[in-house]
Amino acid sequence: MSFLASLILLSSGSAGAGSLAPKVVPMQATDTEITVQTKTPTVKVNPDMYGIFFEEINQAGEGGVYAELIRARGMEDGDSKRLPTGWSADVSGEGSSVTLDFTDTPDPARPASLKIVQGASGKARAINDGFWGVPIEKGKDYRIVLWAKSQGTMQLALESASGQAIKPVKVKGTGVWQRYEISWASTVTDPKAKFVLSLTEPGTANVAFASMMPKDTWKGRKNGLRKDLAGLIEGFKPGFVRFPGGCFIEGNDLPQAFDWKKTIGPVETRKPHTRSFWGYPASNGLGFHEYLQWCEDLGAKALFVANCGMSHTQVAPMSEMKRYVQDTLDAIEYANGPINSKWGEIRAQNGHPEPFDLKYIQIGNENGGPAYDERYALIGKAIKDRYPNVEIIANVWGGVPKSYKLEIIDEHYYSNPPFFWRNANRYDKYDRSGPKIYVGEYAVTRGSGTGNLAAALSEAAFMTGMERNADVVHMASYAPLFVNVNNRQWNPNAIVFDNHRVYGTPSFWVQSLFANHRPDKVLSYSVVSPKAEVQPLSGTFGIQTWRTAAEFKDIQMEADGKVIFKADELKSDRLDLRRGAWSLNDGVLRQTSEEENRRAIVEKFSIPQANKVTLSLKAKKIKGYEGFIIMMAVGEDRELQWNLGGWGNTVHAFQVDGERTGKGVEGRIETDRWYDIKLVREGKTLSAYLDGKLIEQMDDVAVPNFAAVAGLDEKKSEIILKVVNGSSQERAVKLNFEGMKANSKASGFVLGGGGLIEENSFDQPAKFAPRKFDLPQIQPNSVVKFAPNSLTILRIPRK
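Here goes a summary of the coordinates provided.

Conventions we followed
- Residues numbered from 1 in each chain as written.
- Predicted model: local features only at pLDDT ≥ 70, side-chain atom pairs only at ≥ 80, totals over all residues.
- Heavy atoms only, no water.
- Buried < 20%, exposed > 50% of the residue type's maximum accessible area, 1.4 Å probe, protein only.
- Helix = DSSP H or I, 4+ residues; strand = E, 2+ residues; numbered from the N terminus.
- Pairing = 2+ DSSP bridges.
- Axes fitted to C-alpha atoms, helices over the stretch in contact; angles between N-to-C directions.
- Parallel < 35°, antiparallel > 145°, perpendicular 65-115°, else oblique.
- Contact = heavy atoms within 4.5 Å.
- Nonpolar A, V, L, I, M, F, W, Y, C, P; charged D, E, K, R; others polar.
- Salt bridge = Lys/Arg side-chain N within 4 Å of Asp/Glu carboxyl O.
- Polar contact = N/O pair within 3.5 Å; in protein donor to acceptor, adjacent residues only side chain to side chain.

## Considerations on the pairing of strand β43 (residues 718-725)
For a regular strand, side chains alternate in direction, first toward one face of the sheet and then toward the other. Counting buried positions along β43 gives eight out of eight residues, so the element sits mostly inside the fold. In terms of strand pairing, strand β42 (residues 706-713) meets β43 through eight bridges, oriented antiparallel. Across the sheet, residue A708 finds its bridge partner in β43, namely V723. Hairpin connection of β42 to β43: four residues between the antiparallel strands, including S717 at a positive phi of 50°. As judged from the eight bridges shared by β43 and strand β48 (residues 790-797), these two strands associate in the antiparallel manner.

## Section: the packing of helix α3 (residues 227-236) against helix α11 (residues 506-516)
Running from amino to carboxyl end, α3 crosses α11 at an angle of 40°, the nearest separation of the two axes being 8 Å. What the angle tells us is that α3 and α11 run oblique. Residues L232, G235 and F236 of α3 form the contact with α11, whose own contacting residues are F508, W509, Q511, S512, A515 and N516. Residues belonging to the contact of α3 with α11 are distributed by class as follows: five nonpolar, four polar and no charged.

## So, the pattern of salt bridges
As enumerated under the stated definition, the model contains 51 salt bridges in all. In this structure, the salt-bridge partner of R221 is D297, at a minimum N-O distance of 2.7 Å. Of this pair, R221 sits in the loop between β14 (203-214) and α3 while D297 sits in helix α5 (residues 288-298), placing them 76 residues apart in sequence. In this structure R221 comes out as partly exposed when scored by relative accessible area, which is 35%. With its nearest N and O atoms 3.7 Å apart, the salt bridge here joins D657 to R446. With D657 in the loop between β36 (651-656) and β37 (659-660) and R446 in the loop between β20 (436-444) and α10 (453-468), the pair connects residues that are 211 residues apart, well separated along the chain. You can call D657 buried: its relative accessible area is 8%. Look at the salt bridges and you will find they share partners, linking D90, K123, R125 and E159 into a network.

## Some details on the sheet that holds β14
What links the strands of a sheet is backbone hydrogen bonding, and the strands pair in either a parallel or an antiparallel sense. Pairing is antiparallel across the open sheet formed by five strands, whose spatial order is β5-β6-β14-β9-β12. With one partner strand each, in any of the chains shown, β5 (97-101) and β12 (178-185) form the two edges of the open sheet. On average, adjacent strands in this sheet sit at an angle of 30° to one another, irrespective of strand direction.

## Considering the side chain of N128
Secondary-structure assignment places N128 in strand β7 (residues 123-128). Here the side chain of N128 touches R71 through a polar contact of 2.8 Å, landing on its backbone oxygen. Not counting the four nearest positions on each side in its chain, N128 is found in contact with I70, R71, G86, W87, V134, K194 and F195.

## Considerations on the sheet that holds strand β21 (residues 473-478)
Pairing is parallel in the closed barrel, where eight strands are placed in the order β3-β15-β16-β17-β18-β19-β20-β21. Ignoring which end each strand starts from, the neighbouring axes of this sheet average 25° apart. As defined by bridge partners, strand β15 (residues 240-243) adjoins strand β16 (residues 301-306) across four bridges and the pair is classed as parallel. Across the sheet, F240 pairs through a bridge with K301, a residue of β16. Contacts from helix α8 (residues 369-386) reach β17 (358-363) and β18 (391-395), with the element oriented near 175° to β18.

Next up, the structure:
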């Protein structure tokens, strides 16, 4: 049984779904109705549709799913003044020391060795704390590998958090570099143990590599994955795995970029990636081969993201692009090539003579502009000329490439819950003749806590729209996948862990439910539900620039005619100056940077509920590419903005949560001219004035709280109905199954039922997890009550 299945059983308990289960009730009038045409399938759903995106971020691999327990096992990130991360020295007595030796290593892949010198008296111990502790479990077996050189006898021990040595092992030196492999069984359980190396007598020892792995890895692989984390992914049943990034493949500069060729071959001689994008070294033990093996073990398609000669700060000149083209072609040959090809032979030497199934190549990550367009065509054409069956994915970061044919394009969305609720119908209007869509990264990142129910349900609503439009949306993956709580670099994430515990966030369980209940085809269906209501303004307000330097003054806000913020209240201690070169002098707020997304947010302020709210100010463009953005409301749940001179200084338009919402009007912002700006929200109407003239007007957008999608599992001949109830109240829904003539049993899973800001935790890992239920009878026309704040999966035999 997978770890996922065990956790579902834990969450279900003897009562199963209990009060969360949907209930068939007597026929009654309802304001919500779903009609499913059970004999009218529409579009096919890609079997690969729901996948995972793995990036080396948040210690996802190192100290995460990769089962290595020793941090900086290859001494990869220290220097003459500092031991590598995770290592420390316990030294006493004259002549004793623990330092890094850059002159004595067993092979070029090892940058340095740990030199332990024990004097005639005292001690010298090298201690590794692992990834916030070396977790050991009573009765479990571990494989320890050392590359060491010692004239005397070394001692290896695991030391408990209380300082007690656990089963010390003597290692006799030979005076030359030698590989030692030790089988070690723990007699205690301790998540905070330490790995300790020392000498039993005065002398010197050099250690270039120190590894410790549990033998009981996922699938039992020697250089394997952590069983509980990989088990959750196994239960997810992903259709594909996108790897290894993300920003990780780009690097901040090109030397920092991911190079797959350095991550294959014998694990102990792989050169570590000392300067990865996310600030910590990677051993490369989890490399290109292991990613492909992981995909194969999961039965998932592999999606490799190849660097396209672009990093966050550098672009390789076209004269140097041959290397990047060849690296991409070689990666495909390594994965899919025959054994008599150059890279296919190397794959076989690495233990996998049969080809892997690398189906997708993404050309770059979040790269855009003319430089990307040129490089996309160069790499894309080279791939299709040699490997026509490999599908290529293009970025649409700053525009859709026009230089070469498009098969699949990658869209990314990070926002708040209302954005995802509102965009549940986003793909209804997409061009059916255009390229397929891969929603490669998406998640609620505001108003989400560290992974709450509100985030999960709004993502579920968005997913109903992706699934309904499966003829357009080919694939989707939530991001990021993993986070070690000791190094949370991004928030939130699907799976949370430390060195011995794990839980899935509500968002993870939503993803898992959609993946495990993916239909083969979408059924024709319709939904009638009450019109969503517009919510009052809330939060605070602020200003923003985009590639533009500007000044602002005379900022004032009124609510129902009463001044609630005066210009003289604009003080430095009341401003959150998020990125940018901001200064405040004599009431004038000045921003001089020409970078993107420079923000100033007013703090210690909250917009009161009012029928009419007015924000007025003066603004002047100093220099730059666009105009300015006035944020009338900024909060966890929404951002309401008026963008003046946006889109290359061509349009004035309203934006909600960063997305253009109003029709907009043509307009420019001139340099060195003060503009009078006024924004008014009265009732549900938004009005924008420039120099006293009404420029744009629209109704504020409402946020829905109900979504559904219907599909057909052809093999089981079952209707799959997914229902998302974002209301805090139980919702009665009339279900009409046209073409289903007999009563039927139904079953399924439900997730939710709690408060929107509630989350799972190590103490309550299954507070929100799928709970199974059975419905003894459901009729072709029934009224069913769905739990508040819930996602329900109904599976109904089609008779």
